[in-house]
Amino acid sequence: QGIAVNQLGYRGMDAKIAVIRGEGGNFRIVDASSGSKVWEGEAGPLEWDEASGETVSRGDFTSFRQSGTYRIESGSGESSYPFVIADSVYEEAHRAMLKAFYFFRCGMELEERCAGPWTHGPCHLTPAIVYGDEEKRVDAYGGWHDAGDYGKYVGPGAKAVADLLLAEELYPQAFARPLGIPESGGAMPDVLQECRYELEWMLRMQDGETGGAYHKLTTLRFPPGDTMPEDDTADLYVSPVSATATGCFAAVMAMAARRYRPYDEVFAASCLSAAERAWAWLEAHPDYPGFKNPPTIATGEYGDAQDADERYWAAAELYRTTGEARYHAAIEPLANAAETSGLYELGWANMSGYGTIAYLFAEREKAPELEARLKEGLLRKADELAAVCAKDGYGISLQPEQYIWGSNMLVMNHAMLLLLADRISGGTHYEQHALRHVHYLFGTNTVGMSYVTGYGAAPILFPHHRPSEGDGVEAPIPGLVSGGPNRGLQDDYAREHLAGKAPAASFADVMESYSTNEVAIYWNSPAVFALSRFV
Ligand code: G3I
Ligand code: 9MR
Ligand code: ZN
């Protein structure tokens, strides 16, 4: 396809831009079933797009608002996939991307009633051996599998829950419809039910004696690529406590205490006391070495030498939740310590942005200078992203060097940051830029695919995801966000087939390419956040 569109489509009132490879010239919108022309326009001038290594032109059809199903055709005979224009376009994909968390659940059977054909048996129920103290066991069942593997890691889990809880806080109307999970039907919104499943696992990952959080729970090695969860029966190990895990654990528990209080005071109180115990651990361990995989454990490392950002986030959430002066006093020094790597990041490694948001959203007394500095900094960051969007051929904010492992997380994190900037400034200045990132995810990209399983005319079909590979069902589990292009060539398939490709084209929809086409909870979560604004 020489013309890239959002394969889900567009809402009538939004900006609509098709990206045409080469000279677009006179292009037209045709009715998808009859082929008759319904609108025509003139594409913009040729632009060199460094990330995709292509020359493209923009076909702007914003002024065409008529509901229907269409294709775009250019003078040179190129055509796009079909797409719709309608009032509501992103609802089903949003719901599926949220339901995906149910499909990531560990420790329970996924029954047909909720899972359709994508069932699996109960898994990973044996207590985990404590690395370094092999007599000791930790019974941390439940939670979500991280990704295409079955590891469970505290940091990525905290990011995923934070994104979903923030989405529910800012856009509650996006979560009104039930998800079809076992808990559906209660007073608590399903998104909170789903996150609680992960939070309860995280609570089990807190060391009862010290208050520190174990970094992760995995087997020693990854099982083969088609192993179903219930067949992955190797011994489970918890890796040692880390300061990064304990920091983001404290933060997300303090956040949960606030968000769950209206529905379940007892659960909220247990989250808060867990957060306070984790904070006490952080205070008792001001200098702690960054996490490294123990020598016998080869699963995902999520190594992170910098813990100031997680501590900053913890202090800010604890302050927002409790209003206690001691937490407030901790925020500014931690912000200063974290600032060298930025205060606006929403990644699994640098989590400072969540701290900034917690402080800015806190309905508490604040230090005016710090508040102004964070607000200005956030808006400056949003302006920088918007400036990149304006130059990028596909209208997103990634620089060529940012097409790294999990680049789609960055795409969605940037959309999230733009939307948060709108919230903080009380405007709608950045929202159409954020929407361009959503268009990219669903097909307005050089690969021409929707990076979400089951959604769009040409979705990815072969994600690196063990249940999708092993379950005997042809279609992958729906609603999963692929990691996306990675110029780093970090698996054998990529080294063999993707060398020399442009950054944004360094992608392969094959199971073998785990460094471009794996799926992960914390790639889904910012995508849920971003779509929540547009449903
Ligand atoms: O940040 C640097 C950047 O400065 C540099 O320019 C660039 C050049 O390659 O690399 C960037 O670092 C990359 C980092 O991700 C960014 O977050 C590393 O190269 C890359 O190796 C690293 O990949 C991580 C990958 O694990 C390997 O450790 C991914 O972020 C992370 O999402 C992924 O997580 C895995 C778990 O380990 C296991 N479970 C599945 C999960 C998803 O694939
Ligand atoms: O399946 C694993 C995936 O979840 C990880 O992100 C990735 C990187 O750590 O590793 C994958 O496992 C591969 C292993 O590292 C090397 N041998 C092939 C495995 C894929 O089946
Ligand atoms: Zn499991």
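Every value quoted in this text rests on a predicted model; they were computed, and no experiment measured them. (Residues numbered from 1 in each chain as written. Chains lettered and ligands numbered in written order. Predicted model: local features only at pLDDT ≥ 70, side-chain atom pairs only at ≥ 80, totals over all residues. Heavy atoms only, no water.)

Engineer: I keep staring at the overall build of the protein chain and nothing clicks. Help me out?
Structural biologist: When you go through the protein chain residue by residue, the secondary structure sums to 16 helices and 14 strands. In summary, the protein chain has a C-alpha radius of gyration of 23 Å against a globular reference of 24 Å for 535 residues, a match within 12%. Projecting the C-alpha coordinates of the protein chain onto the three principal axes gives extents of approximately 70 × 55 × 45 Å. When each of the 535 residues of the protein chain is scored for burial, the buried share is 61%. Considering only residue pairs separated by 6 or more positions, the protein chain has 71% of its internal contacts joining residues 24 or more positions apart. When the accessible surface of the protein chain is totalled, it reaches about 19,300 Å², and 49% of it is carbon and sulfur. (Helix = DSSP H or I, 4+ residues; strand = E, 2+ residues; numbered from the N terminus. Rg over C-alpha atoms; globule rule 2.2 N^0.38 Å. Buried < 20%, exposed > 50% of the residue type's maximum accessible area, 1.4 Å probe, protein only. Contact = heavy atoms within 4.5 Å. Areas by Shrake-Rupley, 256 points an atom, 1.4 Å probe, with all protein chains shown as cover.)

Engineer: Would you mind going over a nonpolar patch on the surface with me for this structure?
Structural biologist: Together, Ile404, Trp405 and Tyr514 give the surface a local cluster of nonpolar side chains, amounting to about 270 Å² of exposed area. Here Tyr514 shows up in helix α15 (residues 514-517). (Patch = residues over 30% accessible without salt bridge, like charges linked within 9 Å, V, L, I, M, F, W, Y side chains within 5 Å. Salt bridge = Lys/Arg side-chain N within 4 Å of Asp/Glu carboxyl O.)

Engineer: Any chance you could explain the sheet that holds strand β13 (residues 216-218) here in plain terms?
Structural biologist: The strands that make up a sheet pair up through hydrogen bonds in the backbone, lying either parallel or antiparallel. Ordered in space as β11-β10-β14-β13-β12, the 5 strands form an open sheet in which the pairing is mixed. Whereas interior strands pair on both sides, the edge strands pair on one side only; in this sheet they are β11 (133-138) and β12 (152-153). Relative to β13, β12 runs antiparallel, the two being bridged by 2 bridges. In the sheet register, Lys152 faces β13, and the bridge partner there is Leu217. (Pairing = 2+ DSSP bridges.)

Engineer: Honestly, the site of ligand 1 in this entry has me stumped. Any pointers?
Structural biologist: Surrounding ligand 1, one finds 13 residues, the nearest of these being Asp146, Asp149, Gln490, Glu518 and Tyr522. Here an oxygen atom of ligand 1 and a side-chain polar atom of Trp405 are 3.0 Å apart. With respect to ligand 1, the side chain of Glu518 contributes an N or O atom lying 2.9 Å from an oxygen atom. About the coverage of ligand 1: the protein hides 58% of its 770 Å² of free accessible area. Mapping ligand 1 onto the cavity grids shows that it belongs to the largest pocket. Here the shell around ligand 1 is composed, by residue class, of 8 nonpolar, 2 polar and 3 charged. (Near = heavy atom within 4 Å. Polar contact = N/O pair within 3.5 Å; in protein donor to acceptor, adjacent residues only side chain to side chain. 1 Å grid on protein atoms, 1.4 Å probe; cavity = no way out; pocket = protein on both sides within 12 Å on 5 of 7 lines; lining within 4 Å. Sits in = over half its atoms within 2 Å of the grid points. Nonpolar A, V, L, I, M, F, W, Y, C, P; charged D, E, K, R; others polar.)

Engineer: Help me out: how do you make sense of the site of ligand 2 in this one?
Structural biologist: Ligand 2 sits among Asp149, Phe222, Trp405, His464, Arg466, Tyr514 and Glu518. In the environment of ligand 2, an oxygen atom lies 2.6 Å from a nitrogen or oxygen atom belonging to the side chain of His464. At 2.6 Å from an oxygen atom of ligand 2 is found a side-chain nitrogen or oxygen belonging to Glu518. Coverage of ligand 2 by the protein amounts to 61% of the 450 Å² it exposes when considered alone. In this structure, ligand 2 is accommodated by the largest pocket.

Engineer: What exactly am I supposed to notice about the layout of surface pockets here?
Structural biologist: Summary: where empty space remains is shown by rolling a probe the size of a single water molecule over the atoms. Taken as a whole, the largest pocket holds about 840 Å³ of empty space. Together, 37 residues line the largest pocket, and Tyr302, Trp348, Trp405, Tyr522 and Trp523 are the ones closest to its centre. For the lining of the largest pocket, the secondary structure elements donating two or more residues are α11 (407-425) and α16 (521-532). A per-class count over the lining of the largest pocket returns 20 nonpolar, 10 polar and 7 charged. (Points joined across faces, edges and corners; volume = space filled by probe spheres on them.)

Engineer: What's the story with the coordination of the zinc ion (ligand 3) in this structure? I'm lost.
Structural biologist: Under ideal tetrahedral coordination, the four donors around a metal are separated by 109.5 degrees; under ideal octahedral coordination, the six donors are separated by 90 or 180 degrees. Bound to the zinc ion (ligand 3) on the protein side are Cys106 (SG), Cys123 (SG), His124 (ND1) and His145 (NE2), at distances that span 2.0 to 2.3 Å. Classification of the site at the zinc ion (ligand 3) rests on its 4 donor atoms, whose angles at the metal span 100 to 115°, yielding the label tetrahedral. Written as a sequence motif, the donor residues of the zinc ion (ligand 3) are C-x16-C-H-x20-H. One end of the pair, Cys106, is in the loop between α1 (91-103) and α2 (112-115); the other, Cys123, is in the loop between α2 and β10 (128-130), and 17 residues separate them in sequence. A relative accessible area of 0% places Cys106 in the buried class. By relative accessible area, Cys123 is classed as buried at 2%. (Donors = N, O, S within 2.8 Å, 3.2 Å for Na, K, Ca; no water. Tetrahedral: all angles 85-135°; square planar, octahedral: opposite > 155°, others 65-115°.)

Engineer: Is there a simple way to explain the packing of helix α4 (residues 190-204) against helix α6 (residues 265-284) in this structure?
Structural biologist: At a minimum axis separation of 11 Å, α4 and α6 run at an interaxial angle of 40°. With respect to each other, α4 and α6 are oriented oblique. Judged by the twist between their axes, the crossing of α4 over α6 is left-handed. Here Arg196, Leu199, Glu200 and Leu203 of α4 lie close against α6, whose contacting residues are Phe267, Ser270 and Ala274. Class assignment of the residues belonging to the contact of α4 with α6 gives a composition of 4 nonpolar, 1 polar and 2 charged. (Axes fitted to C-alpha atoms, helices over the stretch in contact; angles between N-to-C directions. Parallel < 35°, antiparallel > 145°, perpendicular 65-115°, else oblique. Left-handed = near helix turned anticlockwise from the far one by under 90°.)

On their own, these measurements won't tell you what the molecule is for.
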